[in-house]
Amino acid sequence: MSLHLGRNTFGNAANMGNLLSREEANKLFNDWVMNERLQLHMKQVAYLMKCWAAEKENADEQLQWKWELAGLLHDADWDQWPDLHCKKIIEELENRNVDPEVLHAIASHGHLHFGVEPVNNIDKMLYAFDELSGLIHAYSLMRPEAYAGMELKGVKKRLKEKSFAANVSREDINDACNRANILLDDLITFIIPRQATVV
Ligand SMILES: [Fe+2]
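Attention here is on the structure that accompanies the text. Nothing here was measured: the structure is a model prediction, and the numbers come from that model.

**Digging into unusual backbone geometry**
Glycine aside, a negative phi is what most residues show, and trans is what most peptide bonds show.
For step 1, the next point in the chain: Although it is not a glycine, cysteine 86 sits at a positive phi angle of roughly 85°.
For step 2, the next point in the chain: As for its position among the elements, cysteine 86 is in the loop between helix 3 (61–73) and helix 4 (87–95).
For step 3, the next point in the chain: Residue asparagine 97 is not a glycine yet carries a positive backbone phi of 60°.
For step 4, the next point in the chain: Tracing the chain through its elements places asparagine 97 in the loop between helix 4 and helix 5 (100–107).

Now the structure itself:
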């Protein structure tokens, strides 16, 4: 089964700057995503995106929300429509006239699956956070102290263990860091304390 989207342009340039309200986004999130683990993953990625925009991209509140929104909804269709993953949420957001850059970020969060290259910083960071956030969360679940006292070296050890969180693509993580021009260590260090606050 191919999840290739078969196109590289999304939405309409005239909709640049159009975002869902937080209420609209939360409603879509709650209506579409039932799986609690997936909900947490999407919230974690959303928060990391918001923090990155605020701290590294000098984004104002509106731009922070744009990044957060892309993170919050990037897997919205995975729960109920795995065969239409990415296609379904993109079409929904296109129908709601959402900013094409949000659509492009969602469309390129797994470029090997969807056939869309990450281009903008928002694309690259969503791609970079997605898998690594999952691995760090899996690590927190096996530690009695969860995130407390979690260190870079522990995460790197888990990354090297192929059998640990085996579904997390190490290849994607390395590829994402290269594309975003970020050191893996810096990304891990950014994620740990911020993700720890998302429950
Ligand atoms: Fe994801």
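**So, the packing of aromatic side chains**
For step 1, the next point in the chain: Taken as a whole and assessed by the stated rule, the structure comprises four aromatic pairs.
For step 2, the next point in the chain: Ring geometry for tryptophan 52 and phenylalanine 129: centres 5.9 Å apart, planes at 75°, overall edge-to-face. On the criterion of sequence distance, the pair formed by tryptophan 52 in helix 2 (residues 36–56) and phenylalanine 129 in helix 7 (residues 121–142) is long-range, its members being 77 residues apart.
For step 3, the next point in the chain: Put simply, the rings of Trp52, Phe129 and Phe190 touch in pairs and so form one group of aromatic residues.

**With respect to the coordination of the iron ion**
For step 1, the next point in the chain: Surrounding the iron ion are the protein donor atoms His41 (NE2), His74 (NE2), Asp75 (OD) and Asp130 (OD), at 2.1 to 2.2 Å.
For step 2, the next point in the chain: Taken together, the four donor atoms surrounding the iron ion define angles of 84 to 176° at the centre, an arrangement classified as irregular.
For step 3, the next point in the chain: Going along the chain, you hit the donors of the iron ion in the pattern H-x32-H-D-x54-D. For the pair shown, histidine 74 and aspartate 75 are each scored as buried.

Parameters and conventions
Residues numbered from 1 in each chain as written. Predicted model: local features only at pLDDT ≥ 70, side-chain atom pairs only at ≥ 80, totals over all residues. Heavy atoms only, no water. Helix = DSSP H or I, 4+ residues; strand = E, 2+ residues; numbered from the N terminus. Phe/Tyr/Trp six-rings, centres within 6.5 Å; stacked < 30°, edge-to-face > 60°. Donors = N, O, S within 2.8 Å, 3.2 Å for Na, K, Ca; no water. Tetrahedral: all angles 85-135°; square planar, octahedral: opposite > 155°, others 65-115°. Buried < 20%, exposed > 50% of the residue type's maximum accessible area, 1.4 Å probe, protein only.

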